[in-house]
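Structure assessment
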Amino acid sequence: MSKHGIDFVRAAAIFNNPILEREDNRYDYNESRLIAIGMAKISIKDLHNQDFNLWVETIKQKIEKRDFVDMDWDNLLDEIDDMGKSEKRSLESYLQRLIEHIFKLKYWESERERNYRHWCAEVANFRNQINRLLKRNPSFNRYLEEIYSEIFVEVLQVRSLEFDIPDRIFIKLEVIMQPNYFGEN
């Protein structure tokens, strides 16, 4: 198949269209074999599910050429939407980890001495990742403010099971995002 420049995904696409079949009796295969001839054209919509990378390349080429005939708008819009959701999930995850490590530095006294440098490095790393996302997506600043309290409370509830944290604690977002803040009072 490689000598014809076609892969199995595209070859299998012939079965989505009318085909001509005949028995292959060129050799004694000790089994029944068929030769099928058909059109291997695959729709862009089907390509999305069968070879995602090829679908991305095809969509990119169509956009570059301003060729919007038979464009797979539904899947393209879904993928764009998923990209935004993925970036938001990353922001939420980095924020959660940042708060967790601030709590560890501030309240997990029995482990602080042994892990202090590592936890400080993690805090700096998560803060940097958040700032990188905010730089690429300035509109996420508003989203960060919207989700902060909820994530803070969730982390507080979970980490309170691991070590003692005061019940009525709250650290403002502006404080936790300060470059030199590592849980000090």
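You'll find the structure just up there.
Throughout what follows, the structure given in this document is the object of discussion. Since the structure is predicted, the reported quantities are computational estimates derived from the model, not experimental observations.

We now examine the overall build of the protein. Along the protein, the regular secondary structure elements total 7 helices and 2 strands. Counting all 185 residues of the protein, 34% fall into the buried class. For the protein, long-range pairs separated by at least 24 residues make up 59% of all intrachain contacts whose partners lie at least 6 apart in sequence.

What follows deals with the packing of aromatic side chains. With the rule as written, the count across this model stands at 12 aromatic pairs. On the basis of an interplanar angle of 80 degrees and a centroid distance of 5.2 Å, the ring pair of Phe103 and Phe152 is categorised as edge-to-face. With Phe103 in helix H4 (residues 73-107) and Phe152 in helix H6 (residues 140-159), this pair connects stretches of sequence that are 49 residues apart. For the pair Phe103 and Phe152, a shared accessibility class is recorded, and that class is buried. Ring centres of Trp108 and Trp119 lie 5.8 Å apart, and the angle between their planes is 15 degrees; this geometry places the pair in the stacked category. Highlighted residues: Trp108 in the loop between H4 and helix H5 (109-136) and Trp119 in helix H5, separated in sequence by 11 residues. For the pair formed by Trp108 and Trp119, the shared burial category is buried. Following the ring pairs from residue to residue traces out a cluster consisting of Phe103, Tyr107, Tyr148, Phe152 and Phe170. A cation sits over an aromatic face here: Lys88 above Tyr143, 4.7 Å from the ring centre.

On to the environment of Arg26. Here Arg26 is to be found in the loop between strand S1 (19-23) and strand S2 (34-38). Of the residues examined, Arg26 reaches a relative accessible area of 56% and is grouped as exposed. Only 2.8 Å separates the side chain of Arg26 from the side chain of Asp24, close enough to count as a polar contact.

The phi torsion of most residues other than glycine is negative, and most of the peptide bonds are trans. Backbone geometry at Arg66 places phi at a positive 60 degrees, although glycine is not the residue there. If you trace the backbone, Arg66 turns up in the loop between helix H3 (52-64) and H4. In the Ramachandran plot, Asp70 falls in the positive-phi region, its phi being about 55 degrees despite a non-glycine side chain. Mapped onto the elements, Asp70 comes out in the loop between H3 and H4. Taking the relative accessible area as the measure of exposure, Asp70 reaches 65% and is therefore exposed.

Going through the model one piece at a time under the given rule, you end up with 13 salt bridges. Here Lys60 makes a salt bridge to Glu64, at a shortest N to O gap of 3.3 Å. On the criterion of helical spacing, the pair formed by Lys60 and Glu64 is a turn pair, its members being 4 residues apart in helix H3. On the accessibility criterion, Lys60 (51% relative accessible area) is exposed. Residue classification places Glu64 among the partly exposed residues on the basis of a relative accessible area of 48%.

With that out of the way, let us pick up the packing of H4 against H5. Working note: a packed helix pair is described by the angle between its axes plus the distance between those axes. Two elements in contact, H4 and H5, have axes separated by 8 Å at closest approach and are oriented at 155 degrees. On the basis of the axis angle, H4 is roughly antiparallel to H5. Remark: the crossing between H4 and H5 carries left-handed chirality. A class-by-class count of the residues in the contact of H4 with H5 yields 14 nonpolar, 3 polar and 9 charged.

Procedures and definitions
- Residues numbered from 1 in each chain as written.
- Predicted model: local features only at pLDDT ≥ 70, side-chain atom pairs only at ≥ 80, totals over all residues.
- Heavy atoms only, no water.
- Helix = DSSP H or I, 4+ residues; strand = E, 2+ residues; numbered from the N terminus.
- Buried < 20%, exposed > 50% of the residue type's maximum accessible area, 1.4 Å probe, protein only.
- Contact = heavy atoms within 4.5 Å.
- Phe/Tyr/Trp six-rings, centres within 6.5 Å; stacked < 30°, edge-to-face > 60°.
- Lys NZ or Arg CZ within 6 Å of the ring centre and 35° of its normal.
- Polar contact = N/O pair within 3.5 Å; in protein donor to acceptor, adjacent residues only side chain to side chain.
- Salt bridge = Lys/Arg side-chain N within 4 Å of Asp/Glu carboxyl O.
- Axes fitted to C-alpha atoms, helices over the stretch in contact; angles between N-to-C directions.
- Parallel < 35°, antiparallel > 145°, perpendicular 65-115°, else oblique.
- Left-handed = near helix turned anticlockwise from the far one by under 90°.
- Nonpolar A, V, L, I, M, F, W, Y, C, P; charged D, E, K, R; others polar.

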